[in-house]
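# Overview (structure and organization)
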Amino acid sequence: MMEVPRPDPDALLAELQREESVAQRGKLKIFFGACAGVGKTYAMLNAAHARLREGVEVVVGVVETHGRSETQALLAGLEILPPQQINYRGRVLPEFDLPQALLRRPSLILIDEFAHSNLEGCSHPKRWQDVEELLAAGIDVYTTLNVQHLESLNDIVGQITGIVVRETVPDHMFDLANEVTLVDLPPEELLDRLAAGKVYLGEQAHRAAEHFFRKGNLLALRELALRRTADRVDAQMRAYRADQAIAPVWQTRERLLVCVSPGPDAEKLIRSASRLASSLHADLLAVYVETPVLQRKAAQYRQRILASLRLAQEFGAETSVLAGADLPKTLLAYARSRNVSKLVVGKSLRSGISRLWQVPLSEQLAQLAQDVDVYVVAHESKELPAKAPPRLFFSAEADRIEWRSYLIALAACALTTGVAAALLNVFDLANVVIVYLLTVVLVAIRYGRGPGIAASILSVLSFDLFFVAPKLSLTVGDTQYLFTFALMLVVAMIISQLASRLRFEAQVATYRERRTRALYELGRELAGALTASSVVEMGVRRLEELFDAQILILLPDASDQLLPAGDLQNFDLGLAQWVFDRDQMAGLGTQTLPAAKALYIPLKAPMRLRGVLALIPKDNALIGSPEQQRLLETCASQIALSLERVHYVEVAQDAIVAMETERLRNSVLSTVSHDLRTPLTTLIGMISLLRSGKLGETEQQSALLSLNHEAQRMHSLVINLLDMAKLQSGVTLHMEWQVLEEVIGSAVRECGAALVSHHLRVDLPGDLPLLEYDAVLIERVLVNLLENAAKYTPAQSEIGISAQVGEQFVTVLVSDNGPGLPAGTVSKLFEKFTRGVNESATPGVGLGLAICRTIIAAHGGQIQARNLSPHGAEFSFTLPRGTPPTIRAETE
C-alpha cells in the first residue's frame, strides 16, 4: 500500500494564516499585455460588464480611452467615479479620487494604467499604491499593465527599444495579483491597428510607428510578456504542489538540476549541463550538497567547488548549497521542491569491488527517482586521478590528518582499558564490552568518524589483548570470541557512523542558527538606523565580528564618486569605483583581479546601487566557502536596503521641509501684502484728500483720525512680525514677582480703543498670589487675546477676563459670547499665519496666537482654546505659582 506523505504542520499553520489574511483583502486582476493598443482596457471593460450582469456592484475609478470610440462605447452603463481636480503648474488636471473611492466602497472598481504616476496633492505618488490601499480595504480591483512597466524587466525593455520607461510597478505587486489575464495580439495586427488610428492619433501614431512600434520591438515585447506570464503560472503550480504536499514531479516545464562535486571534472559537468539546458530551453540549477564525507575534504576541494558554482552562475544558473547526510535523498528532495524534470550527475570512477561497497550516485538516483530523468556525463580518461596510496581507515579524511584526534582516541581506549580492568572484579566480562562501546560513542561525537572508527578497532584489540585468554596475545583460545570480536567491531563502527552523522547534523544546525542569529541581529540594528552614517557604522561593526575581517563601506556622492566611510589603507579606491560603475564583484577570489587583498561587493538595492562593501579577511578560507559567500551577499543586501530606506526617508524629510518652507513663504507674502496694502491704500487716499484742500475742518479731523487708525494697524502688523522674529531667535525673560491684577489692568488700558464697542467683564478672585513673570511679555499675551476677542466677535458682545488659582498653577481665562471657533481649527490656531473665520475680511497676519504660545511656553505654562456652550470661545493660559519671597516688615 502506498504511503501518503503527511504535510508539515508548521507549513499548514503558516498557510492557514496566509489564507486568512488574503481572505480579508480584495482580489486583484491584471489585464497584461506586451504594449499599448493590444486591447487591455477593452478586455477589462468587457469583463466588468460580465460581472455587472452577475449582479456585482461595479464602479469605474479611472479609465483612459485615448480617443478610441469602441472603448468609449463600453463605458455606457457603468457608474463612473468623478475624478478629483488637481492644480498642477497653473493647470487643473483630473486624477483618480482615492478617498472618494474608499468612501463609496464598491464591490469592484476599475483602475486603468496600473503604473501611472500621480500628481502632487494625491494620496500616493503611484497609482499602484492607490490599488494597494483599495485591496487592503477589501475592494476588488481590475487594472491594466504593459510588460515594459514591470520593474525587473525595465532595463531589458530599455535595451530592446532604446526607450527608458520611468513609470514602473514593483514585481511583488504583479505577483500579488489573484489573476493575470494575458491580452495578446500578433505584431502584424497591432501595426494595422496603429495605421488605422486605433492606438494613437495623428502625429503621435506616426512617431510611435517610427520608434517604439517597430516589428522587432513588438516581437521581443510579446515574448517577454508570454515568458513572464508563464513564469507566474509555473510559480502558482509549484505553490499548489507545496500546498497539497504533492511529491511527484509535474513536468510542465523543463527544469534541469546539475549536482556539483569537488572532483576534477566539475567544470566539464557544468558545461555539459549548460549545453543540455540550452538545447531544451530549460532553466538551469546548480547544487552542491555538503555531506559529512565532503565536509572533511581539504581546502583545495572546497576552492574547486566554489569555482564550479561561479562558473554555473556565469552560465545563468541558479546556485544553491545544501547540507545533508544522505546525498541522493537530499538532492531529490530539493529537486522535487523546485519541480526539476532532469538531473545531471557525473559518471562514477569506481569499478569492481568498490562499486559493491558504495553504489554510484547515478544508480542510487535512478532507483529513487522514478519521476525524474537522470543524465550521466562521462569523465575524460586523461582526467582520471592517479592511484592513491592505500589507506587503512583514513580514506574519508583530508590529506592533512588531525593526528591529535587519533592520539586522543588512543588515550581514551587506554583509559577505558584501565577502568574495565577495575570493573572486572565486580562485573562479568560481557559488561566490559559496553564500556568500550561508550568510549566509541564519545570519541565519534567529539572528534568525528575517523577517530571513532579508530576507537572501534582499538577497543576490539584492547579487549582481546587484556581480557581474553590467552592475555597479552592476539591469539584466541575460544573460537566463540571471534564472533564476539566481529560483532563488537561491527556494532562499534555502526555506532561510530551514527554518532559522526549526529555530529555533522549538529554542526549544520549550529551554523544555520549562527547565520540566522547574525542576520537577525544585523537586520534589527539596521531597522533602527535613521542616517546613512548609522547604517555604515552598524554594518561595519557586525560584519567585522561575523567574518573576522577588516571592513570598509564606500558610499557615492552626488556625482556617483565613491567616498570612503573609514580608513582607506589596504583598500583600492579605483577598484571599488570600478565595481560600483559596472555592478560586478571584483577582487579576492573573483574573476576580476583575484590577487587583490580585498573583496569588493556592490551594494545592490531595488532602485539603484547604494555603494560598495570592501572586505579584507584575516583568513581567506573564512569567505571562500559557498555558504559564507551567500551569508556575505545576504548581509550586503540588507545593508543596501537600509541605505536605500534611509535615503528615501531623507528625501521625504527634505520634501516636507521644502513644502513647509514654501507654504510659510506664500503665507507671509499673502498676509503681509494684503494687510500692508489695505492701510497703505487708505493712507495714500487720505493724504491726497488733505492735500487737495477741499475738506472742511471737521472732515480734516476725521481724515486725521483715519490716518492715525491705519498707521496704528501698520504699526501693530510690524510689531507682530518683529516680535515673532525675536522670539524665534530665543526668548529672554525679565522675571519679577508681582501681582497679576496690574498686568491685566495695563492690558485692558492698552486695548481701550479695540474694546470700545464691547462689554468687558473682569472677575478676579481676591486671593490671587504673587507670580513670577515678565510683565511686558504677559501683557503682550493679554493684549493679543483681548484684541482677537474684539476682532472676531460682533459689536456689543461681552468679553470676560477671569482667573483660577490651583495648587501649582494660576489659570487666566479670556472668553467671549461670540460665534465661537470654527470646527476643526482649534488644534491649528496657535500655528504661524493661521487666522480664524472670514480671514479675508479680518485684518491681521495670523501671528498673535503663535506669539502667545511661545511666550507662555517660555514661562513654563500652557495655552489652549475651546468652544463654549451654547456659543462663544475661551482662551486660557497657565503660569506656575512657585514660592514667592518672604517679605519682612520694617522696624523703626
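Residues numbered from 1 in each chain as written. Predicted model: local features only at pLDDT ≥ 70, side-chain atom pairs only at ≥ 80, totals over all residues. Heavy atoms only, no water.

Moving on: the overall build of the chain. Assigned secondary structure in the chain consists of 28 helices and 25 strands. Taking all 892 residues of the chain together, 41% fall into the buried category. Considering only contacts in the chain between residues 6 or more positions apart, those separated by 24 or more positions represent 69%. Surface summary for the chain: the accessible area is close to 48100 Å², and the carbon and sulfur share equals 56%. (Helix = DSSP H or I, 4+ residues; strand = E, 2+ residues; numbered from the N terminus. Buried < 20%, exposed > 50% of the residue type's maximum accessible area, 1.4 Å probe, protein only. Contact = heavy atoms within 4.5 Å. Areas by Shrake-Rupley, 256 points an atom, 1.4 Å probe, with all protein chains shown as cover.)

If you check which residues of helix 22 (residues 573-582) are buried, you get Leu575, Ala576, Gln577, Val579 and Phe580. Contacts made by the buried residues of helix 22 are with strand 14 (549-556), strand 15 (562-564), strand 16 (586-587), strand 17 (599-604) and strand 18 (609-617). Near the N-terminus of helix 22, the side chain that reaches the backbone nitrogen of Gly574, with its oxygen 3.0 Å away, is that of Asp572. Just past helix 22, the residue Asp583 takes up positive phi, approximately 55 degrees. (Polar contact = N/O pair within 3.5 Å; in protein donor to acceptor, adjacent residues only side chain to side chain.)

Glancing now at the packing of helix 14 (residues 327-337) against helix 16 (residues 361-368). Helix-helix packing: each pair is described by the crossing angle between the helix axes and the interaxial distance. The interhelical angle for the contact between helix 14 and helix 16, taken along N-to-C directions, is 55 degrees, at an axis separation of 10 Å. One finds that helix 14 runs oblique with respect to helix 16. For the crossing formed where helix 14 meets helix 16, the hand is right-handed. Here Leu327, Pro328, Lys329, Leu331, Leu332 and Arg336 of helix 14 lie close against helix 16, whose contacting residues are Leu361, Gln364, Leu365 and Leu368. Taken together, the residues of the contact of helix 14 with helix 16 sort by class into seven nonpolar, one polar and two charged. (Axes fitted to C-alpha atoms, helices over the stretch in contact; angles between N-to-C directions. Parallel < 35°, antiparallel > 145°, perpendicular 65-115°, else oblique. Left-handed = near helix turned anticlockwise from the far one by under 90°. Nonpolar A, V, L, I, M, F, W, Y, C, P; charged D, E, K, R; others polar.)

What follows deals with the nonpolar core. Residues Ile30, Phe32, Phe96, Leu110, Phe114, Leu134 and Leu145 are the most contacted members of the largest nonpolar core, which totals 59 residues. Setting aside residues no more than four positions away along its own chain, Phe114 makes contact with Leu28, Ile30, Arg127, Trp128, Val131, Thr143, Thr144, Leu145, Val169 and Met173. Counting residues in each nonpolar core, the second largest holds 39 residues, with Leu740, Val810, Val814 and Leu849 among its members. (Core = buried A, V, L, I, M, F, W, Y, C linked by side-chain atoms within 4.5 Å.)

Every buried residue belonging to helix 26 (residues 740-750) is among Leu740, Val743, Ile744, Ser746 and Ala747, and all of these are buried. In an axial view of helix 26, the angular spread of the buried residues amounts to 160 degrees, which keeps them on one side of the axis. Facing away from the buried side of helix 26, by more than 90 degrees, are the exposed residues Glu742 and Arg749. (Arc of directions from axis to C-beta.)

Attention now goes to the confidence of the model for the chain. As a note on interpretation, predicted positions should not be read in detail where pLDDT is low. Model confidence for the chain is summarised by a mean pLDDT of 78, while 79% of its residues fall at 70 or above. When the criterion is pLDDT under 50, residues 381-401 qualifies, and its contacts beyond four places in sequence or with other chains add up to 23 contacts. (pLDDT = per-residue confidence, 0-100.)

On to the pairing of strand 5 (residues 91-95). Judged from the five bridges that link them, strand 4 (residues 84-88) and strand 5 form a sheet pairing that is antiparallel. Its bridge partner lying in strand 5, Gln84 is registered against Glu95. Hairpin connection, strand 4 to strand 5: the antiparallel pair is bridged by two residues, and Arg89 has positive phi, about 55 degrees. (Pairing = 2+ DSSP bridges.)

With respect to the secondary-structure elements, Thr878 resides in strand 25 (residues 873-880). Those residues in contact with Thr878, other than ones at most four positions away along the chain, are Phe809, Val810, Thr811, Ile856, Gly861 and Gln862.

Moving on, we get to the pairing of strand 9 (residues 255-259). Burial runs high along strand 9: five of the five residues are buried. Both strand 9 and strand 10 (residues 283-290) contribute to a ladder of five bridges, which runs parallel. In the sheet register, Leu257 faces strand 10, and the bridge partner there is Leu285. Assessed by its sense of winding, the connection that carries the chain from strand 9 through helix 11 (residues 266-280) to strand 10 is right-handed. Examined bridge by bridge, strand 9 and strand 12 (residues 342-346) share three bridges and lie parallel to one another. Paired with Leu257 across the bridge in strand 12 is Leu343. (Right-handed = clockwise from strand over helix to strand, strands pointing away.)

This part is about the sheet that holds strand 12. Pairing within the open sheet is parallel, and its five strands lie in the order 11-10-9-12-13. The strands lining the two open edges of the sheet, one partner per strand, are strand 11 (318-323) and strand 13 (373-377). Each strand axis lies, on average, 25 degrees off the axis of its neighbour in the sheet, ignoring direction. Running at roughly 150 degrees to strand 10, helix 14 makes contact with strand 9, strand 10, strand 11 and strand 12 of the sheet.

Moving on to the packing of helix 17 (residues 403-423) against helix 18 (residues 429-447). Contact geometry for helix 17 and helix 18: axes closest at 10 Å, N-to-C directions at 160 degrees. Classified by the angle between their axes, helix 17 and helix 18 sit roughly antiparallel to one another. Helix-helix and strand crossings are classified by hand; for helix 17 and helix 18 the assignment is right-handed. Across the interface between the two elements, Ser405, Ile408, Ala409, Ala412, Cys413, Thr416, Thr417, Ala420 and Leu423 of helix 17 pack against Val432, Val435, Tyr436, Thr439, Val443 and Tyr447 of helix 18. Among the residues making up the contact of helix 17 with helix 18, the classes are represented as eleven nonpolar, four polar and no charged.

Here Glu57 is to be found in the loop between helix 2 (40-53) and strand 2 (58-62). Given the relative accessible area of 32%, Glu57 is considered partly exposed. Between the C-alpha atoms of Glu57 and Leu108, which are 51 residues apart in sequence, the distance is 6.2 Å. Sequence-distant contacts of Glu57, defined by excluding residues within four places in its chain, comprise Arg104, Arg105, Pro106, Ser107 and Leu108. Reaching out from Glu57, the side chain makes a polar contact with the side chain of Arg104 at a distance of 2.5 Å.

Once that is clear, we can look at the pattern of salt bridges. Taken as a whole, this structure holds 23 salt bridges when the rule is applied. Notably, a salt bridge pairs Glu179 with Lys29, separated by 3.5 Å at the nearest N-O pair. Residue Glu179 is found in strand 8 (residues 179-183), and its partner Lys29 is found in strand 1 (residues 28-33); the two are separated by 150 residues along the sequence. The partner of Arg542 in a salt bridge is Glu545, and the shortest N-O contact between them spans 3.6 Å. One end of the pair is Arg542 and the other is Glu545, both in helix 21 (residues 532-547) and three residues apart, which spans about a single turn. Among the residues examined, Glu545 registers a relative accessible area of 55% and is labelled exposed. Three or more residues are tied together by salt bridges with common partners; here these are Glu521, Glu525, Glu537, Arg541, Arg542 and Glu545. (Salt bridge = Lys/Arg side-chain N within 4 Å of Asp/Glu carboxyl O.)

What follows deals with the packing of aromatic side chains. Following the criterion strictly, the structure yields three aromatic pairs and no others. Ring centres 5.7 Å apart and planes at 70 degrees place the aromatic pair Phe31 and Tyr142 in the edge-to-face group. Taken together, the residues Phe31 in strand 1 and Tyr142 in strand 7 (residues 140-146) connect sequence positions 111 residues apart. On the basis of relative accessible area, Tyr142 is assigned to the buried category, the value being 7%. Pairing Phe32 with Phe174 gives two aromatic rings, centres 4.9 Å apart and planes at 55 degrees, and the pair type is tilted. With Phe32 in strand 1 and Phe174 in helix 7 (residues 171-176), this residue pair connects regions lying 142 residues apart in the sequence. Given a relative accessible area of 0%, Phe174 falls into the buried group. Stacked on the ring of Tyr142, the Lys or Arg Lys29 has its end atom at 5.3 Å from the ring centre. (Phe/Tyr/Trp six-rings, centres within 6.5 Å; stacked < 30°, edge-to-face > 60°. Lys NZ or Arg CZ within 6 Å of the ring centre and 35° of its normal.)

Turning our attention to the sheet that holds strand 1. Sheet strands pair via backbone hydrogen bonds, and the direction of the pair is either parallel or antiparallel. Overall, parallel pairing links the six strands, which are arranged 3-2-6-7-1-8 in an open sheet. Of all the strands in the sheet, the pair left with one neighbour each is strand 3 (79-80) and strand 8. As defined by bridge partners, strand 6 (residues 108-111) adjoins strand 7 across four bridges and the pair is classed as parallel. Paired with Leu108 across the bridge in strand 7 is Asp140. Docked against the sheet, helix 2 engages strand 1, strand 2, strand 6, strand 7 and strand 8, running at close to 165 degrees with respect to strand 7. With respect to the sheet, helix 5 (residues 127-136) is in contact with strand 1, strand 2, strand 6 and strand 7, its orientation differing from that of strand 6 by roughly 175 degrees.

Turning next to unusual backbone geometry. Here the amide bond leading from Ser869 into Pro870 is cis, since omega sits at 5 degrees, within 30 degrees of zero. Along the polypeptide, Pro870 turns up in the loop between strand 24 (863-867) and strand 25. Positive phi, close to 55 degrees, is recorded for Asn339, a residue that is not glycine. Mapping Asn339 onto the fold places it in the loop between helix 14 and strand 12.

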